[in-house]
There are 2 protein chains.
Amino acid sequence: MLIDLSHPIEAEMPVYPGDEPVGLKQCRDLVKDHYVAYYWQTGLHAGTHADAPMHLLAGGGDVLSMPLEHFFAPGVLLENGVDVPEKDIPEGAAVLIDLGAEHLYGAAEYYTDHGCVSRELCDYLMEKKVCLMGVNAPSPDHPPFPIHKALLGVGIPILENLTNLQQLKGRKFTVIALPLAIRAEGSPVRAAAWIQDEDDAE
Amino acid sequence: MLIDLSHPIEAEMPVYPGDEPVGLKQCRDLVKDHYVAYYWQTGLHAGTHADAPMHLLAGGGDVLSMPLEHFFAPGVLLENGVDVPEKDIPEGAAVLIDLGAEHLYGAAEYYTDHGCVSRELCDYLMEKKVCLMGVNAPSPDHPPFPIHKALLGVGIPILENLTNLQQLKGRKFTVIALPLAIRAEGSPVRAAAWIQDEDDAE
């Protein structure tokens, strides 16, 4: 079973304050053109997406330079962004953190009132060589983005604007969130959790 | 291990004849703006992508309406688009077909000289209730797109512009190709093959 962790991509979806708007407009019609086609215009941080080092670091790599294996790995859910977890997390895990903001998605407060990831937790995740960190908020930090810079600096990609994280509570899951093969600083992503054991039990 | 089956997304990448061009332009600068950002403008059939029923069928569903499970399933590689395979393929498989065109990607001939999927093979795949059909060509057929319409009509998504299919020859693999959560007729996709058994052997 797969649990979708992604917000829909649609016309007039929310964007980070100051970013260009998203456009998704029909440009071909089934009756007139014999097929339907839309044209999409977007920044790379609208909706559920991944950040690559190039977004904030001089000389940082683009999305296409990041190993695909970082985006397909056993997952761990952390219930807040402050505390180092009591139970050890496995090295190389894909760590998703509930910053308690996903219910605000679409409201202005989503960008101002979300929780952040503490420097202590960030250091712990780097020590554990996690392959990925994802949050259900627009960012794990605020400008000048110290958590972004620390993680991206050691090649750990960041997923932002995740949703449905509470559905992962108490479950064993694998994160599937391959970014597009794009030569840019970020990528829209369809993020999902694969619940393998419950499949087997069916 | 993951094998990337996707072409890069970049400025001035090839598009289907008659489709709008792709734009990928930097709009924020690390020195001036303290971060790098690109703005992307694209049709939904440039590069490696998925087609949803709405692309060619009246009343057909969009990409977001398609079950995610269609895009994460045990894969089968077929060596041509004409012959029904001698060895039975399992029901529900994600079938990738080598139409012998991926080396032409970037050339005008890519859009005119690719192989197609035969009606006989298409009927066999529908009978086997495959979850997905993917090709290393811009399309499995030519206008008026009978293979597209047959597969999409029974809810089988189509992946187009795949690459590296010969790397799958003789291997057991799982297709991972989740489309974006987009309310449109198609979606760029990062398609990959997960080689599980060789992982285990490592």
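See the structure printed just above.
Computed from a prediction, not measured in an experiment: that's the story for all the values here.

Engineer: Could you clarify how one ought to interpret the pattern of salt bridges in this entry?
Structural biologist: One side chain can pair with another of opposite charge once the charged atoms of both are near each other. A complete count under the given rule lists 10 salt bridges over all chains for this structure. Glutamate 10 of chain A is paired through a salt bridge with arginine 183 of chain B; the nearest N and O atoms lie 2.6 Å apart. Of this pair, glutamate 10 of chain A sits in the loop between strand 1 (2–4) and strand 2 (23–28) while arginine 183 of chain B is found in the loop between strand 9 (174–176) and strand 10 (186–188), placing the two residues in two different chains. For the salt bridge of arginine 119 of chain A with aspartate 123 of chain A, the shortest nitrogen-to-oxygen distance reads 3.0 Å. On the criterion of helical spacing, the pair formed by arginine 119 of chain A and aspartate 123 of chain A is a turn pair, its members being four residues apart in helix 2 (residues 119–127). When its relative accessible area of 42% is taken as the criterion, arginine 119 of chain A is described as partly exposed.

Engineer: Looking at this structure, how should I read the relation of the copies chain B and chain A?
Structural biologist: The two chain copies are connected by a rotation around an axis plus a translation along it. Its rotation angle being 180°, the transformation that places chain B on chain A also includes 0.0 Å of axial translation and leaves an RMSD of 0.0 Å. In short, the pair behaves as if placed about a two-fold rotation axis. Closest to the rotation axis within chain B is the C-alpha of glutamine 41 of chain B, separated from it by 2.2 Å. Interface residue correspondence from chain B to chain A reaches 100%, placing this contact among same-surface, isologous pairings.

Engineer: Before we go on, may I ask you to explain the layout of surface pockets in this structure?
Structural biologist: Over the atoms, a rolled probe matching the size of one water molecule traces out where space is still vacant. Counted as a void, the largest pocket has a volume near 890 Å³. Around the largest pocket sit 34 residues that line it, and Pro74, Gly75, Val76, Leu77 and Pro90 of chain A are the ones nearest its centre. Listing elements by their share of the lining of the largest pocket, those giving two or more residues are strand 5 (72–78) and helix 4 (196–201) of chain A. Considering every element that reaches the lining of the largest pocket, the biggest residue donor is strand 5 of chain A, with seven residues. Taken together, the residues of the lining of the largest pocket break down into 17 nonpolar, six polar and 11 charged. Along its surface, the second largest pocket is lined by 32 residues, and Pro74, Gly75, Val76, Pro90 and Phe173 of chain B are the ones closest to its centre.

Engineer: Teacher, can you tell me more about the packing of helix 2 of chain A against helix 3 (residues 146–153) of chain A here?
Structural biologist: For any two helices packed against each other, the geometry comes down to the angle between their axes and how far apart the axes lie. Residues and elements named next belong to chain A. Contact geometry for helix 2 and helix 3: axes closest at 10 Å, N-to-C directions at 5°. By the angle between their directions, the pair helix 2 and helix 3 is classed as roughly parallel. Residue-level contacts link Arg119, Cys122 and Met126 of helix 2 to Pro146, Ile147, Ala150 and Leu151 of helix 3. When grouped by side-chain class, the residues that make up the contact of helix 2 with helix 3 number six nonpolar, no polar and one charged.

Engineer: Please explain the packing of aromatic side chains as it appears in this structure.
Structural biologist: Aromatic ring pairs are defined here through the distance separating the ring centres and the angle between the ring planes. Residue and element names in this part refer to chain A. For the structure shown, the criterion picks out 11 aromatic pairs over all chains. Arranged with centres 5.3 Å apart and planes meeting at 85°, the rings of tyrosine 105 and tyrosine 110 form a pair that is edge-to-face. Tyrosine 110 carries the same exposure label as tyrosine 105, and that label is buried. When the ring of tyrosine 110 is compared with that of tyrosine 111, the centres are 5.2 Å apart and the planes differ by 80°; the resulting orientation is edge-to-face. For the pair tyrosine 110 and tyrosine 111, one class covers both residues: buried. Linked through ring pairs, Tyr16, Tyr105, Tyr110 and Tyr111 together constitute an aromatic cluster.

Engineer: Which parts of the structure should I look at to understand the sheet that holds strand 1 of chain A?
Structural biologist: Strand pairing in a sheet relies on backbone hydrogen bonds, with the paired strands running either antiparallel or parallel. Residue and element names in this part refer to chain A. Taken together, the nine strands give an open sheet; going across it, the order is 1-11-9-5-6-7-8-4-10, and neighbouring strands pair in mixed fashion. Whereas interior strands pair on both sides, the edge strands pair on one side only; in this sheet they are strand 1 and strand 10 (186–188). Sheet twist, expressed as the mean angle between neighbouring strand axes with direction ignored, is 30°. Alignment of strand 5 against strand 9 (residues 174–176), held across three bridges, turns out to be antiparallel. Residue pairing in the sheet places phenylalanine 72 in a bridge with isoleucine 176 of strand 9. Packed on one face of the sheet, helix 2 meets strand 5, strand 6 (94–97) and strand 7 (132–135) and runs near 165° to strand 6. The sheet strands contacting helix 3 are strand 4 (49–51), strand 7 and strand 8 (158–160), and the helix crosses strand 8 at an angle near 140°.

Engineer: Just checking my understanding: could you explain the interface of chain B and chain A for this structure?
Structural biologist: By convention, interface size is frequently given as the accessible area that disappears when the constituent parts associate. Residue-level contacts link 50 residues of chain B with 50 residues of chain A. Taken over both partners, the interface formed by chain B and chain A buries close to 4,600 Å², and the fraction arising from carbon and sulfur atoms is 64%. Counting the surface chain B buries against chain A, the share from its top three residues, Tyr39, Trp40 and Arg190 of chain B, is 15%. For the pair chain B and chain A, the number of links is four salt bridges. Remark: the boundary between chain B and chain A carries 24 residue pairs in polar contact (both at pLDDT 80 or more).

Engineer: Is there a simple way to explain the state of the cysteines in this structure?
Structural biologist: Structurally, a disulfide amounts to a covalent bond that connects the sulfur atoms of two cysteines. Residues and elements named next belong to chain A. Counted according to the given criterion, the structure contains zero disulfides over all chains. With no disulfide of its own, cysteine 131 lies closest to cysteine 122 among cysteine sulfurs, the gap being 15 Å. Looking at cysteine 131, the relative accessible area reads 9%, which means it is buried.

Engineer: What is the right way to read helix 3 (residues 146–153) of chain B from this model?
Structural biologist: Since one α-helical turn is 3.6 residues long, residues separated by three or four positions face the same way. Residue and element names in this part refer to chain B. Of the positions making up helix 3, those classed as buried are Ile147, His148, Ala150, Leu151 and Leu152. Where helix 3 is buried, its residues contact strand 4 (49–51), helix 2 (119–127), strand 7 (132–135) and strand 8 (158–160). Downstream of helix 3 by one or two residues, glycine 155 has phi in the positive range, about 80°.

The rules behind each value
- Residues numbered from 1 in each chain as written.
- Chains lettered and ligands numbered in written order.
- Predicted model: local features only at pLDDT ≥ 70, side-chain atom pairs only at ≥ 80, totals over all residues.
- Heavy atoms only, no water.
- Salt bridge = Lys/Arg side-chain N within 4 Å of Asp/Glu carboxyl O.
- Helix = DSSP H or I, 4+ residues; strand = E, 2+ residues; numbered from the N terminus.
- Buried < 20%, exposed > 50% of the residue type's maximum accessible area, 1.4 Å probe, protein only.
- Least-squares fit on C-alpha atoms with pLDDT ≥ 70 in both.
- Contact = heavy atoms within 4.5 Å.
- 1 Å grid on protein atoms, 1.4 Å probe; cavity = no way out; pocket = protein on both sides within 12 Å on 5 of 7 lines; lining within 4 Å.
- Points joined across faces, edges and corners; volume = space filled by probe spheres on them.
- Nonpolar A, V, L, I, M, F, W, Y, C, P; charged D, E, K, R; others polar.
- Axes fitted to C-alpha atoms, helices over the stretch in contact; angles between N-to-C directions.
- Parallel < 35°, antiparallel > 145°, perpendicular 65-115°, else oblique.
- Phe/Tyr/Trp six-rings, centres within 6.5 Å; stacked < 30°, edge-to-face > 60°.
- Pairing = 2+ DSSP bridges.
- Buried area = accessible area lost by both parts, 1.4 Å probe.
- Polar contact = N/O pair within 3.5 Å; in protein donor to acceptor, adjacent residues only side chain to side chain.
- Disulfide = S-S within 2.5 Å.

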